[in-house]
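Chains, contacts and geometry: an overview
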Amino acid sequence: GESVGLHLPTLSVQEGDNSIINCAYSNSASDYFIWYKQESGKGPQFIIDIRSNMDKRQGQRVTVLLNKTVKHLSLQIAATQPGDSAVYFCAENTLTGTASKLTFGTGTRLQVTL
Amino acid sequence: DTGVSQDPRHKITKRGQNVTFRCDPISEHNRLYWYRQTLGQGPEFLTYFQNEAQLEKSRLLSDRFSAERPKGSFSTLEIQRTEQGDSAMYLCASSPGVSGNTIYFGEGSWLTVV
């Protein structure tokens with residue numbers, strides 16, 4: 001079936017380095033992708049989104065890249081900080097009739113070492 | 001407005017009891033969603049409201065689950081005759097709908113069935 005998956009369950013980076021979190025999706029009909037950050041015991045926090053008619057979008061310290069040819073999505077975090085430690089989810093927005101809903105992958109845990 | 005609000009944040013109940021969770025979405029968001037998340041997994045879609053109309057329900061939403069949004073504002077999710085497999089975090093989310101797709105999550109309601 002259609003799914004959103006992540007390549008690596010855990011990513012460890014040193015403080016100050018750049019982080020790259022990857023995600024593969026399989027639903028070619030998805031037109032909207034979102035990255036969420038989830039800290040322990042909390043709900044997912046919106047980071048950045050991108051529509052399928054874009055290849056790249058930048059936010060504050062974060063950049064999302066979308067490669068529709070290979071159905072790949074990545075989140076780049078510049079100058080990673082300890083506060084960036086969390087689980088990161090990519091999600092695709094699936095439009096079904098009048099509804100829109102998110103399909104999440106299992107997440108990548110980002111560990112920032114000092 | 002401080003975002004999506006959920007209550008209670010934590011609930012421990014005995015198997016067979018009924019539980020109810022409440023969600024207050026972001027003001028003026030006409031779309032409201034319920035998701036379920038188990039440890040180590042991404043959130044899974046349960047159901048969706050456009051104003052007071054429940055437009056879609058996942059197959060994950062068994063007959064023991066019922067969600068309402070009577071006035072198109074807050075929503076409740078009731079689980080009857082709870083089972084240990086119902087233990088999870090129940091997340092509520094909202095979005096503006098027509099004016100935007102970004103879905104914002106609350107902090108979740110943790111349910112433990114003993």
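Residues numbered from 1 in each chain as written. Chains lettered and ligands numbered in written order. Predicted model: local features only at pLDDT ≥ 70, side-chain atom pairs only at ≥ 80, totals over all residues. Heavy atoms only, no water.

1. Description of the overall build of chain A
Across its full length, chain A holds zero helices and 11 strands. Here chain A holds 114 residues, and 44% of them are scored as buried. Nonlocal contacts in chain A, meaning residues at least 24 apart in sequence, comprise 52% of its contacts between residues at least 6 apart. When the accessible area of chain A is evaluated, it comes to approximately 5500 Å², of which 47% is carbon and sulfur surface. (Helix = DSSP H or I, 4+ residues; strand = E, 2+ residues; numbered from the N terminus. Buried < 20%, exposed > 50% of the residue type's maximum accessible area, 1.4 Å probe, protein only. Contact = heavy atoms within 4.5 Å. Areas by Shrake-Rupley, 256 points an atom, 1.4 Å probe, with all protein chains shown as cover.)

2. Examining the sheet that holds strand 8 (residues 75–79) of chain B
Residue and element names in this part refer to chain B. Read from one edge of the open sheet, four strands run 1-3-8-7, paired in antiparallel fashion. Only two strands of the sheet have a single partner each, and these edge strands are strand 1 (5–7) and strand 7 (65–68). Across the sheet, the axes of successive neighbouring strands diverge by a mean angle of 15 degrees, strand direction being ignored. Of the pairings in the sheet, the one linking strand 3 (residues 19–24) to strand 8 comprises five bridges and is antiparallel in character. Looking across to strand 8, one finds that Phe21 is bridged to Leu77. (Pairing = 2+ DSSP bridges. Axes fitted to C-alpha atoms, helices over the stretch in contact; angles between N-to-C directions.)

3. Some thoughts on the pattern of salt bridges
Residue and element names in this part refer to chain B. Following the criterion strictly, the structure yields six salt bridges over all chains and no others. The residue Glu83 makes a salt bridge to Arg64 at a minimum N-O spacing of 3.4 Å. Residue Glu83 is found in the loop between strand 8 and strand 9 (88–95), and its partner Arg64 is found in the loop between strand 6 (53–57) and strand 7; the two are separated by 19 residues along the sequence. In this structure, the salt-bridge partner of Asp86 is Arg64, at a minimum N-O distance of 2.8 Å. Residue Asp86 is located in the loop between strand 8 and strand 9, and its partner Arg64 is located in the loop between strand 6 and strand 7; the two are separated by 22 residues in the primary sequence. (Salt bridge = Lys/Arg side-chain N within 4 Å of Asp/Glu carboxyl O.)

4. Topic: the state of the cysteines
For the coordinates displayed, the defined rule picks out two disulfides over all chains. At a sulfur-sulfur separation of 1.8 Å, the disulfide partner of Cys23 of chain A is Cys90 of chain A. Around the S-S axis, the bridge from Cys23 of chain A to Cys90 of chain A shows a dihedral of about 45 degrees and counts as right-handed. Linking Cys23 of chain A in strand 3 (residues 19–25) with Cys90 of chain A in strand 9 (residues 86–96), this pair joins segments that are 67 residues apart in sequence. With a relative accessible area of 0%, Cys90 of chain A lands in the buried category. Disulfide pairing is shown between Cys23 of chain B and Cys92 of chain B; the S-S distance is 1.9 Å. Residues Cys23 of chain B and Cys92 of chain B are joined through a disulfide that is left-handed, its torsion about the S-S bond being -70 degrees. (Disulfide = S-S within 2.5 Å.)

5. A few points about the interface of chain B and chain A
The interface of chain B with chain A comprises 23 residues on the first partner and 21 residues on the second. Together, the buried faces of chain B and chain A total about 1700 Å²; carbon and sulfur atoms form 50% of this surface. Our count for the contact surface shared by chain B and chain A stands at zero salt bridges. The tally of links from chain B across to chain A stands at seven residue pairs in polar contact (both at pLDDT 80 or more). (Buried area = accessible area lost by both parts, 1.4 Å probe. Polar contact = N/O pair within 3.5 Å; in protein donor to acceptor, adjacent residues only side chain to side chain.)

6. Regarding the nonpolar core
Ranked by internal contacts, the top residues of the largest apolar core, which has 20 residues, are Trp35, Leu73, Leu75, Tyr88 and Leu110 of chain A. Formed by 19 residues, the second largest nonpolar core is a distinct cluster that contains Val4, Val19, Phe49 and Phe65 of chain B. (Core = buried A, V, L, I, M, F, W, Y, C linked by side-chain atoms within 4.5 Å.)

7. Description of unusual backbone geometry
Residue and element names in this part refer to chain B. Here the residue pair Asp7 and Pro8 is connected by a cis peptide bond, since its omega of -5 degrees sits within 30 degrees of zero. Positionally, Pro8 belongs in the loop between strand 1 and strand 2 (10–13). Phi at Asn51 is positive, roughly 55 degrees, even though this residue is not glycine. Among the secondary structure elements, Asn51 is positioned in the loop between strand 5 (44–50) and strand 6. Its identity is not glycine, yet Arg81 carries a phi of approximately 50 degrees, on the positive side. Looking at the element boundaries, Arg81 is found in the loop between strand 8 and strand 9. On the accessibility criterion, Arg81 (47% relative accessible area) is partly exposed.

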